Amino acid sequence: MAVSHPVRVTPSPLHGTAWSLRLLDTPPVLPDDAVDLHSGQTLLVVVAHPDDETLAMGATIADLAASGVRVHVVSLTSGEAALDHVGEHVPDLAARRRDELDRAGAALGITGCKTLDLPDGHLADDPDAVLEAVRTEVARHRPDRVATLWRQDPHPDHREVSEAVHAVCADGTVDEFLLWSLHWTDPAAVPERIAPVATGAAARTARHAALKEYRSQTQPLLPRLAPVLPPAVVAWSHECVVIP
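All of these numbers come straight from a predicted model, not from anything done at the bench.

A. Focus on empty space enclosed by the protein. The full count for this structure, using the stated rule, is one cavity of 30 Å³ or more. Approximately 60 Å³ is the volume attributed to the largest cavity. Taken together, Leu55, Ala56, Leu178, Leu179, Leu182, His183, Arg207, Val233, Trp236 and His238 make up the lining of the largest cavity. Of the residues assigned to the lining of the largest cavity, the class counts are seven nonpolar, two polar and one charged.

Right, here's the structure in full:
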């Protein structure tokens, strides 16, 4: 009898071992060195999808929030197109992911979370809308610093958001964190200085709790599918920041 294997939704990581070896030779930085903020100041985290913030910088956010930094997260989409590339659609996925972001934000100690309604998977089709959304959120929160994903991330939505953040914000006020680059980009092709962030045990526990809230990403959405996030991505523990 043939064994039926679940359909893979996301490619398995390719470069985890190479990145682990590179990071072993790189001195870590503390969260308040990765993001130069102190108690009473405001960090705006701008990402493309709910879960980007937790995967890329969840423990860093938790450490900063615990130190008194006000953290606001804005996701430009609801992540509703997570299965479009395999020809599947889950009608309530957008609402589920918005709720997951709220619960994950509570676990991380985030001051406030907001999800916009730009189209998941198609941000590059309307860069003006992305730029205007980022400009509006920066004007509303007036943050001391803004964190986003690295502008060379393999995901086109991530790159589009990062480019908009850099276009809106003053030089030297943006911190970039790696996400899919740590899994799909050969570290030998990354000349930038990348440093792991040395977060505390409580912050790492908070990140783990936040990630558990994203059941739509860590558990199969349909019986014949594998989870959106491969197990190796869920288990990945390094948070990495680009050092200017």
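This is not the end of the story, as more comes after the structure.
B. Quick look at the side chain of Asp51. Position of Asp51 relative to the elements: it lies in the loop between strand S1 (42–47) and helix H3 (52–66). When sequence neighbours within four positions are dropped, the list of residues in contact with Asp51 reads Arg97, Tyr214, Gln217 and Leu229.

C. Fine view of the side chain of Asp52. For Asp52, the position within the fold is in helix H3. The charged side chain of Asp52 is buried without a salt bridge, its nearest counter-charge being Arg97 at 5.9 Å. At a separation of 3.2 Å, a polar atom in the side chain of Asp52 contacts the side chain of His158. In contact with Asp52, other than residues within four places in its own chain, are Val47, Met57, Leu149, His158 and Leu179.

About the criteria used
- Residues numbered from 1 in each chain as written.
- Predicted model: local features only at pLDDT ≥ 70, side-chain atom pairs only at ≥ 80, totals over all residues.
- Heavy atoms only, no water.
- 1 Å grid on protein atoms, 1.4 Å probe; cavity = no way out; pocket = protein on both sides within 12 Å on 5 of 7 lines; lining within 4 Å.
- Points joined across faces, edges and corners; volume = space filled by probe spheres on them.
- Nonpolar A, V, L, I, M, F, W, Y, C, P; charged D, E, K, R; others polar.
- Helix = DSSP H or I, 4+ residues; strand = E, 2+ residues; numbered from the N terminus.
- Contact = heavy atoms within 4.5 Å.
- Buried < 20%, exposed > 50% of the residue type's maximum accessible area, 1.4 Å probe, protein only.
- Lys, Arg positive; Asp, Glu negative; His and termini not counted.
- Salt bridge = Lys/Arg side-chain N within 4 Å of Asp/Glu carboxyl O.
- Polar contact = N/O pair within 3.5 Å; in protein donor to acceptor, adjacent residues only side chain to side chain.

Don't take any of this as a statement about function, it's just geometry.
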